[in-house]
Amino acid sequence: MRIGIFGAGGMAEALGGQWAEAGHDVMVAARDRAKAARISPRVGTWAETAGASDVILLALPAASVLEVLASAGNLDGKVLIDCTNAVGPGAALTVSDQAARIAAAAPGAHVVKAFNLCHVDVWRMTPPVFGGRPLAVPICGDVVGEVSELVRDLGCTPLNAGGLDRAALMEATMAFMVGLWFDGHDAQACFPPLPA
Ligand SMILES: NC(=O)c1ccc[n+]([C@@H]2O[C@H](COP(=O)([O-])OP(=O)(O)OC[C@H]3O[C@@H](n4cnc5c(N)ncnc54)[C@H](OP(=O)(O)O)[C@@H]3O)[C@@H](O)[C@H]2O)c1
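Basis of the calculations
Residues numbered from 1 in each chain as written. Predicted model: local features only at pLDDT ≥ 70, side-chain atom pairs only at ≥ 80, totals over all residues. Heavy atoms only, no water. Helix = DSSP H or I, 4+ residues; strand = E, 2+ residues; numbered from the N terminus. Near = heavy atom within 4 Å. Polar contact = N/O pair within 3.5 Å; in protein donor to acceptor, adjacent residues only side chain to side chain. Areas by Shrake-Rupley, 256 points an atom, 1.4 Å probe, with all protein chains shown as cover.

Novice: Explain unusual backbone geometry to me, please; I cannot follow it from the model alone.
Specialist: In most cases, non-glycine residues show a negative phi, while peptide bonds are predominantly trans. For the bond from Thr 126 to Pro 127, the omega torsion is 0°, close enough to zero to count as cis. Structurally, Pro 127 is set in the loop between α6 (120-123) and β6 (129-130). Here the phi dihedral of Asp 97 falls at roughly 55°; this positive angle occurs in a residue that is not glycine. Tracing the backbone shows Asp 97 in the loop between β4 (79-82) and α5 (98-105). Although it is not a glycine, Phe 115 sits at a positive phi angle of roughly 70°. Mapped onto the secondary structure, Phe 115 falls in the loop between β5 (110-113) and α6.

Novice: Would you mind going over the site of the ligand with me for this structure?
Specialist: Surrounding the ligand, one finds 22 residues, the nearest of these being Ala 8, Met 11, Lys 35, Leu 60 and Val 120. Here an oxygen atom of the ligand and a side-chain polar atom of Arg 31 are 2.9 Å apart. Protein chains bury 73% of the 910 Å² of accessible surface belonging to the ligand in isolation.

Rendered as C-alpha coordinates:
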(Lines give C-alpha, C1' and ligand atoms only; values in the text may rest on other atoms or scores of the structure.)
Protein backbone atom coordinates (compact mmCIF):
# COMPACT_ATOMS: atom_id res chain seq x y z
CA MET A 1 0.00 0.00 0.00
CA ARG A 2 1.22 3.54 -0.70
CA ILE A 3 1.05 5.23 2.70
CA GLY A 4 1.70 8.88 3.49
CA ILE A 5 2.37 9.99 7.03
CA PHE A 6 1.78 13.61 7.98
CA GLY A 7 3.85 14.41 11.06
CA ALA A 8 7.00 12.83 12.45
CA GLY A 9 6.29 12.54 16.16
CA GLY A 10 5.43 9.56 18.34
CA MET A 11 2.35 8.29 16.50
CA ALA A 12 3.98 8.74 13.09
CA GLU A 13 7.00 6.76 14.20
CA ALA A 14 5.05 4.01 15.99
CA LEU A 15 2.52 3.35 13.22
CA GLY A 16 4.50 4.42 10.15
CA GLY A 17 7.56 2.52 11.33
CA GLN A 18 5.62 -0.71 11.70
CA TRP A 19 3.87 -0.29 8.36
CA ALA A 20 7.23 0.23 6.66
CA GLU A 21 8.48 -2.94 8.40
CA ALA A 22 5.40 -4.75 7.07
CA GLY A 23 6.52 -3.89 3.54
CA HIS A 24 4.36 -0.90 2.73
CA ASP A 25 5.62 2.01 0.70
CA VAL A 26 5.82 4.77 3.35
CA MET A 27 6.49 8.45 2.63
CA VAL A 28 6.61 11.08 5.37
CA ALA A 29 5.89 14.81 5.36
CA ALA A 30 6.71 16.97 8.36
CA ARG A 31 7.96 20.46 9.00
CA ASP A 32 11.20 18.89 10.35
CA ARG A 33 12.56 16.80 7.46
CA ALA A 34 15.32 15.27 9.60
CA LYS A 35 12.70 13.83 11.96
CA ALA A 36 10.70 12.56 9.00
CA ALA A 37 13.77 10.80 7.60
CA ARG A 38 14.08 8.80 10.81
CA ILE A 39 10.79 7.09 9.91
CA SER A 40 11.37 6.58 6.18
CA PRO A 41 14.05 7.61 3.67
CA ARG A 42 11.17 8.83 1.48
CA VAL A 43 10.43 12.38 2.65
CA GLY A 44 8.37 14.98 0.81
CA THR A 45 6.32 18.10 1.18
CA TRP A 46 2.69 17.74 2.26
CA ALA A 47 1.57 17.86 -1.38
CA GLU A 48 4.29 15.53 -2.70
CA THR A 49 3.51 12.99 -0.01
CA ALA A 50 -0.23 13.21 -0.58
CA GLY A 51 0.26 12.85 -4.32
CA ALA A 52 2.34 9.69 -3.84
CA SER A 53 -0.06 8.05 -1.37
CA ASP A 54 -3.41 6.30 -1.39
CA VAL A 55 -3.77 6.31 2.40
CA ILE A 56 -2.57 9.17 4.64
CA LEU A 57 -2.20 9.03 8.42
CA LEU A 58 -2.79 12.45 9.99
CA ALA A 59 -0.37 12.20 12.91
CA LEU A 60 -0.56 15.87 13.82
CA PRO A 61 -2.02 17.90 16.68
CA ALA A 62 -5.75 18.17 16.07
CA ALA A 63 -5.55 21.95 15.92
CA SER A 64 -3.04 21.93 13.03
CA VAL A 65 -4.66 19.33 10.76
CA LEU A 66 -6.89 21.63 8.71
CA GLU A 67 -4.07 24.09 8.04
CA VAL A 68 -1.81 21.26 6.84
CA LEU A 69 -4.55 19.76 4.66
CA ALA A 70 -4.96 23.13 2.96
CA SER A 71 -1.33 22.77 1.77
CA ALA A 72 -1.64 19.16 0.70
CA GLY A 73 -3.14 19.64 -2.74
CA ASN A 74 -5.79 17.41 -4.25
CA LEU A 75 -6.97 14.82 -1.72
CA ASP A 76 -9.83 13.43 -3.79
CA GLY A 77 -10.08 9.68 -3.45
CA LYS A 78 -7.47 9.47 -0.69
CA VAL A 79 -8.16 7.65 2.56
CA LEU A 80 -7.35 10.03 5.42
CA ILE A 81 -6.83 8.27 8.75
CA ASP A 82 -7.65 10.61 11.61
CA CYS A 83 -5.94 9.38 14.79
CA THR A 84 -6.12 12.77 16.49
CA ASN A 85 -7.50 13.67 19.89
CA ALA A 86 -8.38 17.30 20.45
CA VAL A 87 -6.78 18.99 23.43
CA GLY A 88 -8.63 21.64 25.40
CA PRO A 89 -7.67 24.07 28.17
CA GLY A 90 -5.27 22.60 30.72
CA ALA A 91 -4.16 19.95 28.19
CA ALA A 92 -7.24 17.85 28.95
CA LEU A 93 -8.78 15.97 26.03
CA THR A 94 -11.92 17.55 24.73
CA VAL A 95 -14.64 16.89 22.14
CA SER A 96 -14.36 18.75 18.86
CA ASP A 97 -16.06 16.67 16.15
CA GLN A 98 -12.61 16.52 14.61
CA ALA A 99 -13.22 13.78 12.03
CA ALA A 100 -16.30 15.59 10.74
CA ARG A 101 -14.32 18.81 10.43
CA ILE A 102 -11.66 17.00 8.41
CA ALA A 103 -14.32 15.45 6.17
CA ALA A 104 -15.83 18.90 5.56
CA ALA A 105 -12.40 20.31 4.66
CA ALA A 106 -11.60 17.42 2.28
CA PRO A 107 -14.98 16.47 0.80
CA GLY A 108 -13.49 14.27 -1.95
CA ALA A 109 -11.48 12.17 0.50
CA HIS A 110 -12.58 9.18 2.58
CA VAL A 111 -12.01 10.08 6.23
CA VAL A 112 -11.64 7.22 8.69
CA LYS A 113 -11.26 7.56 12.46
CA ALA A 114 -8.94 4.99 14.03
CA PHE A 115 -5.93 4.52 16.32
CA ASN A 116 -6.94 7.35 18.69
CA LEU A 117 -7.99 5.15 21.63
CA CYS A 118 -4.56 4.02 22.90
CA HIS A 119 -1.39 5.67 24.09
CA VAL A 120 1.54 5.77 21.68
CA ASP A 121 3.43 3.25 23.83
CA VAL A 122 0.71 0.70 23.05
CA TRP A 123 1.14 1.33 19.33
CA ARG A 124 4.88 0.72 19.74
CA MET A 125 4.21 -2.81 20.99
CA THR A 126 4.84 -5.60 18.49
CA PRO A 127 2.17 -6.79 18.83
CA PRO A 128 -0.16 -5.18 21.41
CA VAL A 129 -1.56 -8.31 23.04
CA PHE A 130 -3.04 -8.18 26.55
CA GLY A 131 -3.92 -11.32 28.51
CA GLY A 132 -3.46 -13.34 25.32
CA ARG A 133 -5.99 -11.17 23.46
CA PRO A 134 -4.86 -8.93 20.57
CA LEU A 135 -5.91 -5.31 20.91
CA ALA A 136 -9.13 -4.54 19.02
CA VAL A 137 -9.04 -1.34 16.98
CA PRO A 138 -12.39 0.29 16.16
CA ILE A 139 -12.59 1.93 12.76
CA CYS A 140 -15.29 4.50 11.91
CA GLY A 141 -15.75 5.40 8.28
CA ASP A 142 -17.17 4.28 4.99
CA VAL A 143 -13.92 2.83 3.63
CA VAL A 144 -12.50 0.37 6.14
CA GLY A 145 -10.78 -2.23 3.92
CA GLU A 146 -7.31 -0.70 3.69
CA VAL A 147 -7.37 0.46 7.28
CA SER A 148 -8.35 -3.02 8.46
CA GLU A 149 -5.29 -4.38 6.68
CA LEU A 150 -3.10 -1.79 8.42
CA VAL A 151 -4.62 -2.77 11.78
CA ARG A 152 -3.78 -6.43 11.11
CA ASP A 153 -0.21 -5.44 10.19
CA LEU A 154 0.20 -4.23 13.78
CA GLY A 155 -0.96 -7.60 15.11
CA CYS A 156 -4.31 -6.10 16.15
CA THR A 157 -7.90 -7.02 15.32
CA PRO A 158 -9.92 -4.54 13.22
CA LEU A 159 -13.39 -3.76 14.51
CA ASN A 160 -15.78 -2.16 12.03
CA ALA A 161 -17.48 0.42 14.24
CA GLY A 162 -19.81 2.03 11.69
CA GLY A 163 -19.73 5.16 9.57
CA LEU A 164 -17.95 8.43 10.14
CA ASP A 165 -21.04 9.75 11.88
CA ARG A 166 -19.96 7.56 14.82
CA ALA A 167 -16.47 9.07 15.00
CA ALA A 168 -17.58 11.82 17.39
CA LEU A 169 -18.71 9.12 19.83
CA MET A 170 -15.26 7.57 19.70
CA GLU A 171 -13.66 10.96 20.24
CA ALA A 172 -15.87 11.63 23.26
CA THR A 173 -15.17 8.14 24.61
CA MET A 174 -11.46 8.77 24.45
CA ALA A 175 -11.74 12.13 26.19
CA PHE A 176 -13.75 10.52 28.99
CA MET A 177 -11.52 7.45 29.37
CA VAL A 178 -8.30 9.46 29.46
CA GLY A 179 -9.77 11.51 32.28
CA LEU A 180 -10.39 8.30 34.23
CA TRP A 181 -6.90 6.94 33.53
CA PHE A 182 -5.25 10.23 34.53
CA ASP A 183 -7.21 10.09 37.79
CA GLY A 184 -5.71 6.64 38.40
CA HIS A 185 -8.82 4.58 37.64
CA ASP A 186 -8.85 1.34 35.65
CA ALA A 187 -11.22 2.42 32.88
CA GLN A 188 -11.39 -1.10 31.45
CA ALA A 189 -12.94 -2.29 34.72
CA CYS A 190 -16.06 -0.25 33.91
CA PHE A 191 -17.06 -2.68 31.18
CA PRO A 192 -18.32 -6.23 31.68
CA PRO A 193 -17.18 -9.03 29.35
CA LEU A 194 -19.37 -9.63 26.29
CA PRO A 195 -21.37 -12.62 27.62
CA ALA A 196 -22.63 -10.45 30.51
N1 LIG B 1 0.74 10.33 21.88
C2 LIG B 1 -0.29 9.51 22.08
O3 LIG B 1 -0.30 8.73 23.04
C4 LIG B 1 -1.45 9.55 21.13
C5 LIG B 1 -2.33 8.47 21.11
C6 LIG B 1 -3.43 8.48 20.23
C7 LIG B 1 -3.62 9.58 19.39
N8 LIG B 1 -2.74 10.62 19.45
C9 LIG B 1 -2.97 11.76 18.56
O10 LIG B 1 -2.07 11.63 17.45
C11 LIG B 1 -1.67 12.93 17.01
C12 LIG B 1 -0.14 12.97 16.99
O13 LIG B 1 0.30 12.73 18.32
P14 LIG B 1 1.86 12.49 18.61
O15 LIG B 1 1.92 11.90 19.96
O16 LIG B 1 2.52 11.81 17.48
O17 LIG B 1 2.37 14.00 18.68
P18 LIG B 1 3.87 14.52 18.63
O19 LIG B 1 4.82 13.44 19.01
O20 LIG B 1 3.88 15.80 19.38
O21 LIG B 1 4.11 14.84 17.05
C22 LIG B 1 3.31 15.81 16.42
C23 LIG B 1 3.82 16.06 15.00
O24 LIG B 1 3.04 17.10 14.44
C25 LIG B 1 3.92 18.17 14.04
N26 LIG B 1 3.29 19.46 14.21
C27 LIG B 1 2.96 20.09 15.37
N28 LIG B 1 2.35 21.27 15.12
C29 LIG B 1 2.32 21.39 13.76
C30 LIG B 1 1.85 22.40 12.88
N31 LIG B 1 1.26 23.52 13.33
N32 LIG B 1 1.99 22.20 11.54
C33 LIG B 1 2.59 21.08 11.06
N34 LIG B 1 3.07 20.10 11.85
C35 LIG B 1 2.92 20.26 13.18
C36 LIG B 1 5.13 18.02 14.91
O37 LIG B 1 6.20 18.68 14.29
P38 LIG B 1 7.47 19.21 15.14
O39 LIG B 1 8.26 17.97 15.50
O40 LIG B 1 8.16 20.10 14.19
O41 LIG B 1 6.92 19.91 16.36
C42 LIG B 1 5.28 16.50 14.93
O43 LIG B 1 5.86 16.04 13.72
C44 LIG B 1 -2.31 13.94 17.96
O45 LIG B 1 -3.46 14.48 17.40
C46 LIG B 1 -2.66 13.10 19.19
O47 LIG B 1 -3.81 13.59 19.86
C48 LIG B 1 -1.66 10.62 20.27
